[in-house]
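# What the coordinates show
What follows is each chain in one-letter form.
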Amino acid sequence: MADRKATIERKSKETQIKVTINVDGTGKTKIKTPIGLLDHMLELFAFHGHFDLDLKVVKADTNIDIHHTNEDIGIVLGKAFKKALDEKAGIRRFGWAYAPMESTVSRFVIDLSGRGYFRLMADKKASATKPQDGYAMSDLEHFLESFAHNLGATINVHCFNLSDDLHTNLETIFKSFGLALDQATQIDPRRKGTVPSTKGIID
Ligand SMILES: [Mn+2]
């Protein structure tokens, strides 16, 4: 099997971000963004997904706010996984996982279908969770939407008993994200290297 690694460097008038991933890694990370909370969450994601992730925000317009930086990290990460997975030959394609923290539970369901779609459903209004250091549940939604569209993944996230504490909610989401994506990207030996779609391609 070819190495499932990719490097993406994206430069816009708003941000400059470089990311290198290894889908078949060991969970090693080197992450430096201006959003400390997101660094922590991405570290959890990579650790539990067994992905090696090197991510550096070289330039950011955080003098405005975190909006573009948060969105663009999602874009670059999605593009990196898409490139690393290439034709998606032999992968399981579907992945799902639950992760709890105290009484909050998130369920992350992903299909590497080629079709970008994202939805978060929660039993409490996500917007009721207070932002922390300028990061809000709406930023998380925006991040995952960018990721889903750039990877070409259908993602549904269900949060049960959403906490008032943003950190708790995000941990359950990012851990289940890592676990589900790890499952979806794993090689199924029964596919014998073929693309897991009745269409014969996933683009
Ligand atoms: Mn934590």
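Presented here is an overview of the structure given in this document. Quick caveat, the model's predicted, so the values are computed rather than measured.

## A word on the overall build of the chain
Secondary structure assignment for the chain yields 4 helices and 8 strands. In the chain, the succession of helices and strands from N to C terminus is β-β-β-α-β-α-β-β-β-α-β-α. Since a compact globule built from 203 residues should have a radius of gyration of about 17 Å, the 16 Å found for the chain is in line with a globular shape. Along the first, second and third principal axes, the C-alpha set of the chain runs to 45 × 40 × 30 Å. Classification of the 203 residues of the chain by burial places 52% in the buried group. Considering only contacts within the chain whose residues lie at least 6 apart along the sequence, 80% involve residues at least 24 apart.

## Quick notes on the coordination of the manganese ion
Only His40 (NE2), His167 (NE2) and Glu171 (OE) from the protein coordinate the manganese ion, and they sit 1.8 to 2.3 Å from it. Taken in sequence order, the residues that donate to the manganese ion follow the motif H-x126-H-x3-E. Separated by 127 residues along the polypeptide, histidine 40 in helix α1 (residues 36-49) and histidine 167 in helix α4 (residues 166-185) bring together distant segments of the chain. Relative accessible area serves as the criterion here: at 24%, histidine 167 is assigned to the partly exposed category.

## Notes on the pairing of strand β8 (residues 154-160)
Counting buried residues in β8 gives 5 out of 7 residues, a clear majority hidden from the surface. When strand β6 (residues 104-111) meets β8, the two strands line up antiparallel, connected through 7 bridges. Within the sheet, the bridge partner assigned to valine 109 lies in β8 and is asparagine 156. Pairing of strand β7 (residues 117-122) with β8, which is carried by 6 bridges, proceeds in the parallel orientation. Note on β8: the bridge partner recorded for phenylalanine 118 is isoleucine 155.

## Description of helix α3 (residues 137-151)
Here α3 is 15 residues long and its end C-alpha atoms lie 21 Å apart, about the 21 Å a rise of 1.5 Å per residue gives. What α3 keeps buried is the set Met137, Asp139, Leu140, His142, Phe143, Leu144, Ser146, Phe147, Ala148, Asn150 and Leu151. Positioned one or two residues after α3, glycine 152 has a phi angle of 80°, which is positive.

## Observations regarding the layout of surface pockets
Volume-wise, the largest pocket comes out at about 180 Å³. Met1, Ala2, Asp3, Arg4, Ala84, Leu85, Asp86, Glu87, Lys88, Ala89, Ile91 and Ile187 are the residues that line the largest pocket. Of the residues in the lining of the largest pocket, the class split is 7 nonpolar, no polar and 5 charged.

Definitions and cut-offs
- Residues numbered from 1 in each chain as written.
- Predicted model: local features only at pLDDT ≥ 70, side-chain atom pairs only at ≥ 80, totals over all residues.
- Heavy atoms only, no water.
- Helix = DSSP H or I, 4+ residues; strand = E, 2+ residues; numbered from the N terminus.
- Rg over C-alpha atoms; globule rule 2.2 N^0.38 Å.
- Buried < 20%, exposed > 50% of the residue type's maximum accessible area, 1.4 Å probe, protein only.
- Contact = heavy atoms within 4.5 Å.
- Donors = N, O, S within 2.8 Å, 3.2 Å for Na, K, Ca; no water.
- Pairing = 2+ DSSP bridges.
- Expected span 1.5 Å × (residues − 1).
- 1 Å grid on protein atoms, 1.4 Å probe; cavity = no way out; pocket = protein on both sides within 12 Å on 5 of 7 lines; lining within 4 Å.
- Points joined across faces, edges and corners; volume = space filled by probe spheres on them.
- Nonpolar A, V, L, I, M, F, W, Y, C, P; charged D, E, K, R; others polar.

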